[in-house]
Amino acid sequence: MVYAGIDGGGSTLRVAIIDDSLVSLAEEQRSTANPSVIGREAAAALIQDALRAAAARVSLPIEGVGIGVAGASAAHSADWLVSVIAAILPGVPVFPSTDHEIALVGAHGARRDAIILAGTGSVALAINARGERVQAGGWGYLLGDEGSGAWLALEALRACARWHDGSSAEAHALAQRVLTAFGFSYPTDLIAYVYRQPPPVRELAAHARIVLDAAGEGDDYAQAIVVRGAQALAQITRSAIQRAKLDRPTIQFCGGLLSFDNPLSVALCAELGLSERPVPLHSPVIGAALLAKLELNQ
C-alpha cells in the first residue's frame, strides 16, 4: 500500500509518498505553505501543486494522506486541510494533524512519547498511552517561541539595540555581527526591518546562526542567550511530559536547530540530562505518511 505525507513546517513545505516499509517513492519541496503567512488560497495552491507532482511519479493508488501544516492546526482547520487534499485526491482518506504531531510520529515511529521542536518556532509535545496529547509552547514569535530560530535572531537584534543605547557594552561583538549579517549601516536600521509587514519571521529564523556561531566562538553574551533558550526549551518539554503523565518517556529532538550539534542542542542535552543528542527515526514528512498508515490500520 502507498501513503502520502505532507509536512508544512514554518519555512518549507515537503510532500512524500511512501510504501508499507516507509521507503520514499517520490518527494517534492516548496516554500512555506503556512496560511497565516501567505494566506489560505496561496497555501492551498502550493500544497496541491506539490502533491500533484509527487503523485504523478507513483503508479500505485494512494490509500491515505497525513498532513500537518504550521498555522493550520487540525483543531481549527481540519475541514480546510481535508478540502485541499480532496481537490487532488477525491475519495482518499485524509488525516489532518499538526506540524509538530507529525514530527513526533516520524521521530518515534509511533504516536507516543515526547518531542521538543526548535526551528522557526518552538514547541513541545507529549502523547501518552491513552493517545492524549499535551502541547507546551508554540505561541508564535510575539508571545513566546523561546529557543527558536526567530527568537535567537530577535535576541541578537535586541543586543544590538542595547549596545547602541549604551546599556550593554558587553554586546558589542554580537552587535557587530548583526550589522554585518543583516547589512545594516546603522543599528537604527533594524527598526524598519523588524516592524515591516508582513513580519520577517522566516528571515529572522534564518539568522539564528549569528548567535550560535558567536556562542560557539566563546562570546559570553551570545552564550547567555543560548543558555536562556535551552532552559526555556527544557522547561516546556518537562511541562508537556508532566501534564501528559508520562513515566520515563523517550524524548526526541526535532526542527532545524536541534538536528545537528551546536551550542543550543548541546545546552539542551545538558538541561534535560541527556548524554547525547537524540536522532529522530524519520523526518516529519515521513511521519505524516506514517500517521496515515497507522490510522488506516488501527
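The present account deals with the structure reproduced in this document. (Residues numbered from 1 in each chain as written. Predicted model: local features only at pLDDT ≥ 70, side-chain atom pairs only at ≥ 80, totals over all residues. Heavy atoms only, no water.)

1. Examining the state of the cysteines
Part 1 of the argument: This model, assessed by the stated rule, comprises 0 disulfides.
Part 2 of the argument: Here Cys254 is not disulfide-linked; the sulfur of Cys269 is the nearest cysteine sulfur, at 13 Å. (Disulfide = S-S within 2.5 Å.)

2. Comments concerning helix H12 (residues 284–296)
Within an α-helix, residues lying three or four positions from one another point in the same direction, as the helix has 3.6 residues per turn.
Part 1 of the argument: Along its 13 residues, H12 runs 18 Å from first to last C-alpha, staying within 8% of the 18 Å computed at 1.5 Å per residue.
Part 2 of the argument: Restricting attention to buried positions, one finds in H12 the residues Val285, Ile286, Gly287, Ala288, Ala289, Leu290, Leu291 and Ala292.
Part 3 of the argument: The inward-facing, buried residues of H12 abut strand S1 (2–8), strand S2 (12–19), strand S4 (62–69), strand S5 (94–96) and helix H4 (99–108). (Helix = DSSP H or I, 4+ residues; strand = E, 2+ residues; numbered from the N terminus. Expected span 1.5 Å × (residues − 1). Buried < 20%, exposed > 50% of the residue type's maximum accessible area, 1.4 Å probe, protein only. Contact = heavy atoms within 4.5 Å.)

3. Description of the pairing of strand S8 (residues 133–137)
Part 1 of the argument: Bridge analysis of strand S7 (residues 122–127) against S8 gives 5 bridges, and the strand direction is antiparallel. Pairing of Leu125 across the sheet is with Gln135, part of S8.
Part 2 of the argument: Adjacent in sequence and paired antiparallel, S7 and S8 are bridged by 5 residues, among which Gly131 carries a positive phi angle near 85°. (Pairing = 2+ DSSP bridges.)

4. Overview of the environment of Pro278
Part 1 of the argument: Mapped onto the elements of the fold, Pro278 is located in the loop between helix H11 (263–272) and H12.
Part 2 of the argument: Linking Pro278 and Ser259, residues 19 residues apart in sequence, is a C-alpha distance of 8.7 Å.
Part 3 of the argument: Residues contacting Pro278, with those up to four places away along its chain left out, are Ile251, Gln252, Phe253 and Cys269.

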